[in-house]
Amino acid sequence: MLVSARGHASPARLESACALLRERAPLHWVERPGVRPFWAVTRYAHIVSMETRGGQFAAGPRTYLASESSEAVLRRVTGKPQLVRSLTEMDPPDHAVYRGILQNAYAPPALREMEVWLAQWAAEIIDRATARGDVCDFARDVAVPFTFRVIGRMLGTPEADDARLARLAQAFVGAEDPQRRLAEAPGDTMRMAMLALRDYFEAVVADRRAHPRDDLATLIAHAEPHGRAMPHYELISYFILLVTAGHDTTALALAGGLDALLAAPDQFARLRAEPELLDSAIEEMLRWTTPVRHFMRTALCDTEVGGQRIREGEALALFFHSANRDEAVFEDAAAFRIDRSPNPHIAFGRGPHICMGLLLARMQMRAMFAELLRRTARIERAGRVRRVQSQFMSGVGVLPVRISLCAERRPAVA
Ligand code: HEM
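Here's what I pulled together on the structure shown here. In this text, all values refer to a predicted model and were calculated from it rather than measured experimentally. Residue numbers run consecutively from 1 along every chain, following the written order of its sequence. A pLDDT threshold of at least 70 governs which residues receive local features in this predicted model, and a stricter bar of 80 or more applies before side-chain atom pairs are shown or counted, although totals over entire chains, interfaces and linings include all residues. Excluding hydrogens and water, the side-chain values take into account all heavy atoms of the structure.

### Quick word on the overall build of the chain
In step 1: Strands are runs of DSSP state E lasting at least 2 residues, helices are runs of H or I lasting at least 4, and numbering of each runs from the N terminus. When helices and strands are tallied, the chain shows 16 helices and 12 strands.
In step 2: Its C-alpha atoms give the chain principal-axis dimensions of roughly 60 × 60 × 40 Å.
In step 3: For the chain, the proportion of contacts with a sequence separation of at least 24, taken over those separated by at least 6, is 72%.
In step 4: Carbon together with sulfur atoms contributes 53% to the accessible area of the chain, which is approximately 17500 Å² in total.
In step 5: Where the 53 positive side-chain charges of the chain centre and where its 50 negative ones centre are 3 Å apart. Contacts are residue-level and defined by heavy atoms, with any inter-residue pair within 4.5 Å sufficient. Accessible areas in this description were obtained via Shrake-Rupley with a 1.4 Å probe; residue shielding takes into account the shown protein chains only. The convention is simple: Lys and Arg are positive, Asp and Glu are negative, and His and the chain ends are not counted. By convention, the point assigned to a charge is CZ for Arg, NZ for Lys, CD for Glu and CG for Asp.

Here is the structure:
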């Protein structure tokens, strides 16, 4: 369940497998054909303790769960132990230096300037999605174009390229999903997506080096970590990280968040009646959806986690989704409650690798849901939900809804 792409598309079965593991084998040694062995870590306390224990666990080179055959295909393409080498794969001393390049771009002062535009953009996307009729796929017609333009605007890529880049980014992180893949074998899909993204961003880098602009692409193209130009592999990896981490995650949280509200009409009605609960509702949507399902770490020395001895070199998969359903931390964890407080979810991870875009993600969710509350009189299901088949990034990928707009626009949510 936990280590199959399909398992993550079946929430009820996934939840019960995680609950069983948390209770009986919170550190479970997984050996299955075709995948290098690893520890599955499912309890909140163990994941947080590992994430914040500097120096004992490395993020690279084994950063994601992949089959040995996929790993072999990718090694042949890059000649490296991993497909890309960006922040998520880096450890000291590179990690802090590379993270420093964009740190300010995702900090509150820079993001504050985007607030007005985000509200207008949310309104425009809803207009576009409802212009053809009252039924749309909220995931594909609203969440994906909304979130991709945010990252595209910051990077400085044109809106005309959004759909193609989003498709490549989705294939890259969801290579096992039948609707996202570009080829039969996941390794081939990742290779094709990576090469297409590489070609695209090589041209962007050449352009920005010749004609600098006020955008993140220029910042990355001219960055000099350790006082030297960024090596080509790390340079392209940086762009690939931003287009994957920067949109699919938030799109899945938006679609999954709306799906959760539709599944709990009392919660949706309460949010409409008390829009001041929006911020806490968003935190609950993040806990509930946990779009990033896992990251891996490798033990750098003999150590222990939760009383279990871990040997140097052993890999551990941290299942954030399971941690966010841990009954030891979240009362009534299986219930979606928009007023949950406290809500110390780890949808954005913890420690040195904590999500760099967490403020931006929250701002996007706030802008979109504020606009939905303001503009819509009613939202209801209009077809079957489809979940993304991926053990890395999963959630609601298709959400058909019928949107009834208000006759008059209401004032903005304070
Ligand atoms: C709901 C939306 C999002 C979720 C759930 C999410 C989740 C995560 C998680 C779990 C990590 C790894 C944390 C760890 O290893 O402890 C991460 C890292 C990262 N995220 Fe996000 N993310 C989201 C949105 C974004 C956005 C909008 C951006 C903007 C570009 C972004 C950029 C990054 C980057 C650059 C990293 C790597 C940080 C590092 O390794 O130092 N994320 N994210």
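### What about the coordination of the iron atom of the ligand?
Under perfect tetrahedral coordination by four donors, a metal shows angles of 109.5 degrees; under perfect octahedral coordination by six donors, it shows angles of 90 or 180 degrees.
In step 1: Its sole protein donor being Cys-355 (SG), the iron atom of the ligand sits 2.3 Å from that atom.
In step 2: Assignment of secondary structure puts Cys-355 in the loop between α15 (320-323) and α16 (358-375). Metal sites are built from N, O and S donor atoms within 2.8 Å, or 3.2 Å for Na, K and Ca, and they leave out water, so they may look incomplete.

### With respect to the sheet that holds strand β12 (residues 400-405)
In step 1: Strand pairing is defined by DSSP finding a minimum of two bridges between the two strands. Read from one edge of the open sheet, three strands run β4-β12-β9, paired in antiparallel fashion. Looking at the sheet topology across the chains shown, the edges are occupied by β4 (135-137) and β9 (376-381). With direction set aside, neighbouring strand axes in the sheet form an average angle of 35°. Every axis corresponds to a line fitted to the C-alpha atoms, with the helix fit spanning only the stretch in contact, and the corresponding angles, defined between N-to-C directions, vary from 0 to 180 degrees.

### Focus on the sheet that holds strand β8 (residues 315-319)
In step 1: On the basis of which strands lie adjacent, the open sheet formed by five strands has the order β1-β2-β8-β5-β3 and mixed pairing. The two strands at the open ends of the sheet, each matched to only one other strand, are β1 (27-32) and β3 (57-58).
In step 2: Across two bridges, the pairing between β3 and strand β5 (residues 294-299) is antiparallel. Among the inter-strand pairings, Phe-57 is bridged to a residue of β5, identified as Ala-299.

### Quick notes on the packing of helix α8 (residues 162-173) against helix α11 (residues 232-245)
In step 1: Interhelical geometry of α8 versus α11 gives an angle of 90° and a closest axis separation of 9 Å. Here α8 lies roughly perpendicular to α11, going by the angle between them. Between α8 and α11, the contacting residues are Ala-169, Phe-172 and Val-173 on the first element and Ile-240, Val-243 and Thr-244 on the second.
In step 2: When residue character is reported, Ala, Val, Leu, Ile, Met, Phe, Trp, Tyr, Cys and Pro are called nonpolar, Asp, Glu, Lys and Arg charged, and the others, Gly included, polar. Taken together, the residues of the contact of α8 with α11 break down into five nonpolar, one polar and no charged. When describing relative orientation, an angle under 35 degrees is termed roughly parallel and one over 145 degrees roughly antiparallel, while 65 to 115 degrees is termed roughly perpendicular and anything else oblique.

### A word on the pattern of salt bridges
In step 1: Salt bridge, as applied in this entry: a Lys or Arg side-chain nitrogen positioned within 4 Å of an Asp or Glu carboxyl oxygen. Under the definition given, this model contains 33 salt bridges.
In step 2: Arg-180 is the salt-bridge partner of Asp-248, the closest N and O atoms lying 2.8 Å from each other. You can see Asp-248 sitting in helix α12 (residues 248-263) and its partner Arg-180 sitting in the loop between α8 and α9 (186-210), a full 68 residues away along the chain.
In step 3: The exposure class of Asp-248 is buried, given its relative accessible area of 1%.
In step 4: With a 1.4 Å probe rolled over the protein chains alone, any residue whose accessible area is under 20% of its type maximum counts as buried; one over 50% counts as exposed, and the rest are partly exposed. Exposure remark for Arg-180: the relative accessible area of 9% places this residue in the buried category.
In step 5: One salt bridge in this structure joins Arg-213 and Asp-207, with 3.7 Å as the shortest N-O distance.
In step 6: Given a relative accessible area of 25%, Asp-207 falls into the partly exposed group.

### Examining the site of the ligand
In step 1: By convention in these notes, a residue is near a molecule or strand provided one of its non-hydrogen atoms lies within 4 Å of it. Inspection of the region around the ligand gives 31 residues, with Glu-51, His-95, Arg-99, His-353 and Cys-355 positioned closest.
In step 2: Pairs of N or O atoms within 3.5 Å make up the polar contacts considered here, provided that, within protein, one atom can donate a hydrogen while the other can accept it, and that residues adjacent in sequence are counted only when both atoms are side-chain atoms. For the ligand, an oxygen atom lies 2.7 Å from a polar atom in the side chain of His-353.
In step 3: Secondary-structure elements contributing two or more residues to the shell around the ligand are α4 (94-102), α11, α12, β5 and α16.
In step 4: Along the lines of polarity and charge, the residues of the shell around the ligand split into 18 nonpolar, nine polar and four charged.

### So, the packing of aromatic side chains
In step 1: Aromatic pairs are defined between Phe, Tyr and Trp rings, using the six-membered ring for Trp, whenever the two ring centres lie within 6.5 Å; interplanar angles under 30 degrees are classed as stacked, those over 60 as edge-to-face, and all others as tilted. A full pass over the atoms with the stated rule returns 10 aromatic pairs.
In step 2: Taking 6.1 Å as the distance between ring centres and 10° as the angle between the ring planes, the aromatic pair formed by Trp-117 and Trp-121 counts as stacked. Of this pair, Trp-117 and Trp-121 both sit in helix α6 (residues 115-131), separated by four residues, roughly a single helical turn. Take Trp-117 and Trp-121: they sit in the same class, and that class is buried.
In step 3: Each ring, one from Phe-295 and one from Phe-392, has its centre 5.4 Å from the other, and the planes form 80°; the classification is edge-to-face. Taken together, the positions of Phe-295 in strand β5 and Phe-392 in the loop between β10 (386-387) and β11 (396-398) put the pair 97 residues apart, joining distant regions of the chain.

### Description of helix α2 (residues 44-51)
In step 1: For α2, the tally of buried residues reaches six of eight residues, placing the bulk of the element in the interior.
In step 2: When we look at burial in α2, the residues that qualify are Tyr-44, His-46, Ile-47, Val-48, Met-50 and Glu-51.

### Section: unusual backbone geometry
In step 1: Cis geometry marks the peptide bond from Gly-60 to Pro-61, where omega comes out at 0°.
In step 2: Considering the arrangement of structural elements, one finds Pro-61 in the loop between β3 and α3 (68-78).
In step 3: Here Ser-341 and Pro-342 are connected by a cis peptide whose omega angle stands at 0°.
In step 4: Within the secondary structure layout, Pro-342 lies in the loop between α15 and α16.
In step 5: The residue His-226 is not glycine, and still its phi comes out positive at about 55°.
In step 6: Following the sequence through the fold, His-226 ends up in the loop between α10 (216-221) and α11.
In step 7: Positive phi, normally seen in glycine, also occurs at Asp-332, with a value near 55°.
In step 8: Considering the arrangement of structural elements, one finds Asp-332 in the loop between α15 and α16.

Purely spatial values, then, with no claim about function.
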